[in-house]
Amino acid sequence: MSFTMRRIIGLVLMGLAGFLVTTALLALFYIPGAVKKTPLNTDTYTRLDGTASTLPNGTSGPVKYFSHSVTDGAKSDGDVAVFDDFVCLISNPNGDAPDCVDDTDPEKRLVQASTDRFATDRNTGMAVDAKDEAKYGVETHHEGLINKFPFGAEKKTYPFWDGVLDRAVDATFEGEDTIDGVKVYKYVIDVQDEPAEISTGIQGTYSSLKTIWADPVTGQMVDREEQQTRKLQDGKAVLDLDISFTDETVAANVKNVESNVNRLSLVGRLPLIAGILGLLSGLVGFFLWNGARRANGGYAAGPGRDDDGGTPAYASERSLDVFGDADADTNVSRADIHRR
């Protein structure tokens, strides 16, 4: 390989090393914070099913719960995600009910339908401060976690929003579990006989035992089940509900978690990979460049010097002239001496 080629390759490798080291530093200090945020293009459908022994419309049997959650990109920003959430609970006596019906449904299957708007921190999942809610178009105050746990969820108790009580309640960590190969943290919310508005304008008591299995890396809920009871003040139950995520919803959540965890894992390994490749590229590049430089006597190729660092033609000729002149001078001096 010629001197010029070794020198060029060495410089290219050292430049690549600088790029890789910069990438490693970005991956270590900046990229994780940028990646561990709730996406602003969220548009999710969640379905639960189960049974109810008592319903406000006087029926009992299978039920369906449907939720559609979408982010408002216009209101959201780099730190806060604004969500519009629609939920619908209907009776499903024949197992073929749609996701939702309106209050004109001839079979009177609608149990409850509502909308909600809230704003959360894109990393922690916590509702924004009350003083900032108006900025994001939120009219009803929220607090605590609402629709997910934080990135890097911990084994501790979190405040979690309860829409019936209009306040946050404790979601207590109760161990680890595995769902379809995905490690999850189990959190339990236990509310018993709390005074509440159990329906519009109707006061009573409210109880809810809710279990959530969340991925600790992304904070996404993988599965959820809930037993809920609403009673009138005289103790008569108007809603006795037992629901959980459908198998299809759990499978979709598992798939989504695996994809996101793999992406975050790659980001986590990127500093080490880029750092090692940068070091190797820098060492090889310096070896080639320095070797070429030393082979050329410390000088780069230039006019009068061949690409492999050989002796310049003009230098060789000059040397001969110098020695020739010296010999000539010496001969003259000797002749003069002999004559003398």
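Residues numbered from 1 in each chain as written. Predicted model: local features only at pLDDT ≥ 70, side-chain atom pairs only at ≥ 80, totals over all residues. Heavy atoms only, no water.

Engineer: So, the overall build of the protein chain: which residues are in play, and what are the values?
Structural biologist: Secondary structure summary: the protein chain contains five helices and 10 strands in total. For the protein chain, buried positions account for 36% of its 340 residues. By sequence separation, contacts in the protein chain at least 24 residues apart represent 54% of the contacts at least 6 residues apart. Accessible area for the protein chain stands at about 19200 Å²; split by element, carbon and sulfur atoms hold 54% of it. (Helix = DSSP H or I, 4+ residues; strand = E, 2+ residues; numbered from the N terminus. Buried < 20%, exposed > 50% of the residue type's maximum accessible area, 1.4 Å probe, protein only. Contact = heavy atoms within 4.5 Å. Areas by Shrake-Rupley, 256 points an atom, 1.4 Å probe, with all protein chains shown as cover.)

Engineer: Would you mind going over the packing of aromatic side chains in detail, with residue names and values included?
Structural biologist: Taken as a whole and judged by the stated rule, the model has eight aromatic pairs. When the centroid spacing of 4.3 Å and the interplanar angle of 20 degrees are considered together, the rings of F149 and Y187 count as stacked. Residue F149 is located in the loop between helix 3 (130-133) and strand 5 (158-162), and its partner Y187 is located in strand 7 (residues 182-199); the two are separated by 38 residues in the primary sequence. Both residues of the pair, F149 and Y187, belong to the buried class. Between F173 and Y185, the aromatic rings sit 5.2 Å apart at their centres with planes inclined by 75 degrees, giving edge-to-face as the arrangement. Remark: Y185 occurs in strand 7 and F173 occurs in strand 6 (residues 167-179); sequence separation between them is 12 residues. (Phe/Tyr/Trp six-rings, centres within 6.5 Å; stacked < 30°, edge-to-face > 60°.)

Engineer: Could you give me a rundown of unusual backbone geometry, with the residues and numbers involved?
Structural biologist: Even without a glycine there, the phi angle at D166 is positive, about 60 degrees. Looking at where D166 falls in the secondary structure, it is placed in the loop between strand 5 and strand 6. One non-glycine residue, D180, lies in positive phi territory at about 50 degrees. Secondary-structure assignment places D180 in the loop between strand 6 and strand 7. According to the relative accessible area criterion, D180 is exposed, its value standing at 57%.

Engineer: Describe the pattern of salt bridges, with residues and values.
Structural biologist: Working definition: two side chains of opposite charge can pair if their charged atoms are close together. Tallied over the entire structure, the rule returns 10 salt bridges. Notably, a salt bridge pairs D132 with K131, separated by 3.4 Å at the nearest N-O pair. A relative accessible area of 67% means that K131 is categorised as exposed. In this structure, a network of salt bridges that share partners links the residues R47, K64 and D99. (Salt bridge = Lys/Arg side-chain N within 4 Å of Asp/Glu carboxyl O.)

Engineer: I'd like a description of the side chain of T249, backed by residues and values.
Structural biologist: With respect to the helices and strands, T249 occurs in helix 4 (residues 247-295). Those residues in contact with T249, other than ones at most four positions away along the chain, are T46 and R47.

Engineer: Before we move on, could you go through the confidence of the model for the protein chain and cite the residues and values that matter?
Structural biologist: Model confidence for the protein chain is summarised by a mean pLDDT of 81, while 68% of its residues fall at 70 or above. Confidence, read as mean pLDDT per element, is least for helix 5 (residues 313-339) in the protein chain (41) and greatest for strand 5 (98). Note that pLDDT drops below 50 for residues 299-340; the model gives that stretch 21 contacts with residues more than four away or on any other chain. (pLDDT = per-residue confidence, 0-100.)

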